[in-house]
Amino acid sequence: LYVGRVCEQKGTDILLHAFESLKARMSDVRLVVAGPNDQFGNNSESDLTRQIREVGGLYLGAVEEDLLSSIYNLADVFVMPTRSLEMFGMAALEAQACGKPVVCSDHGGLREGVSPPSGLFFPVGNSEALTECLVRLLGDGDLCRAKAAAARNNALRFGWNNVAEEID
């Protein structure tokens, strides 16, 4: 699962390349993408949204906020392949709050929001490394369950009570 803007800056193209490689190695995987095309409020079709469908992915478009937890909970793994300008990575934190392990680029705020116990990191822009992380996580049920358990605990670090205590 990926939730966010569908654009090169967010690494959608990297995700699509990785998914094609992943499908060749694991036949029982499905890619689901939720989010606007390029900019918030834009639900028009683009080359990337067409490519999601062409590789066999399911593109949901923008999803209402009150439905996001249901989208996160349908997935086994959350992927955030951001290429540049990732200040925090709220979607990665939301996924962890739903108990989903995260595979993300080693970039920007993702380093702070995703902990090594709750996810796997890959070099920015490296679709082969992303594929290897996904194969490792999806192929090892114990690892996936351990990271899922750690994900929820990691997300709790960012709860308002904890944030307020740190500021106080």
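Let us look at the structure shown here.

Our focus in this paragraph is the pairing of strand E3 (residues 58–61). The alternating pattern of E3 places Tyr59 and Gly61 on a buried face, while none of Leu58 and Leu60, on the opposite face, is buried. Two elements, strand E2 (residues 32–34) and E3, share three bridges in a ladder whose sense is parallel. When the bridges of E3 are listed, Ala34 appears paired with Gly61.

With that out of the way, let us pick up the sheet that holds strand E5 (residues 102–105). Taking strand neighbours across the sheet as the criterion, the three strands line up as E4-E5-E6 in an open arrangement whose pairing is parallel. The two strands at the open ends of the sheet, each matched to only one other strand, are strand E4 (78–80) and strand E6 (119–122). On average, each strand axis in the sheet is tilted by 15 degrees relative to the strand beside it, whichever way the strands run. Relative to E5, E4 runs parallel, the two sharing three bridges. Bridging across to E5, Phe78 finds its partner in Val102. Contacts from helix H4 (residues 90–97) reach E4 and E5 within the one sheet, and its direction differs from that of E4 by about 165 degrees.

Right, let's get into the pairing of E5. Burial along E5 is two-sided: Val102 and Cys104 and Val103 and Ser105, pointing in opposite directions, are all buried. Traced from E4 through H4 to E5, the parallel crossover comes out right-handed. In terms of strand pairing, E5 meets E6 through four bridges, oriented parallel. Its bridge partner lying in E6, Val102 is registered against Gly119.

In this fold, Lys10 is placed in the loop between strand E1 (2–3) and helix H1 (12–25). Exposure remark for Lys10: the relative accessible area of 12% places this residue in the buried category. In this view, Lys10 contacts Tyr2, Arg5, Met80, Pro81, Thr82, Arg83 and Glu86; residues no more than four positions away in its chain are not counted.

Right, let's talk about unusual backbone geometry for a bit. The backbone of Leu85 sits at a positive phi, close to 60 degrees, despite the residue not being glycine. Along the polypeptide, Leu85 turns up in the loop between E4 and H4. What makes Leu85 exposed here is its relative accessible area of 60%.

Mapping Asn73 onto the fold places it in helix H3 (residues 68–73). For the pair Asn73 and Leu1, spaced 72 residues apart in the sequence, the C-alpha separation amounts to 9.7 Å. Beyond its immediate chain neighbours, meaning those up to four positions away, Asn73 contacts Cys98 and Lys100.

Let us look at the side chain of Glu86. Locating Glu86 in the fold gives a position in the loop between E4 and H4. A polar atom in the side chain of Glu86 sits 3.2 Å from the backbone nitrogen of Gly89. Once residues lying within four places of it in the same chain are set aside, the contact partners of Glu86 are Lys10, Met80, His107, Gly108, Gly109 and Leu110.

Before going further, it helps to spend a moment on the packing of H4 against helix H7 (residues 141–156). Helix-helix packing: each pair is described by the crossing angle between the helix axes and the interaxial distance. Packing of H4 against H7 leaves a shortest axis separation of 7 Å and a crossing angle of 120 degrees. In terms of orientation, H4 and H7 fall into the oblique class. For the crossing formed where H4 meets H7, the hand is left-handed. Contacts from Leu93, Gln96 and Ala97 in H4 reach Ala151, Arg152, Asn154 and Ala155 in H7. The residue makeup of the contact of H4 with H7, split by class, is four nonpolar, two polar and one charged.

Quick notes on the rules
Residues numbered from 1 in each chain as written. Predicted model: local features only at pLDDT ≥ 70, side-chain atom pairs only at ≥ 80, totals over all residues. Heavy atoms only, no water. Buried < 20%, exposed > 50% of the residue type's maximum accessible area, 1.4 Å probe, protein only. Helix = DSSP H or I, 4+ residues; strand = E, 2+ residues; numbered from the N terminus. Pairing = 2+ DSSP bridges. Axes fitted to C-alpha atoms, helices over the stretch in contact; angles between N-to-C directions. Contact = heavy atoms within 4.5 Å. Right-handed = clockwise from strand over helix to strand, strands pointing away. Polar contact = N/O pair within 3.5 Å; in protein donor to acceptor, adjacent residues only side chain to side chain. Parallel < 35°, antiparallel > 145°, perpendicular 65-115°, else oblique. Left-handed = near helix turned anticlockwise from the far one by under 90°. Nonpolar A, V, L, I, M, F, W, Y, C, P; charged D, E, K, R; others polar.

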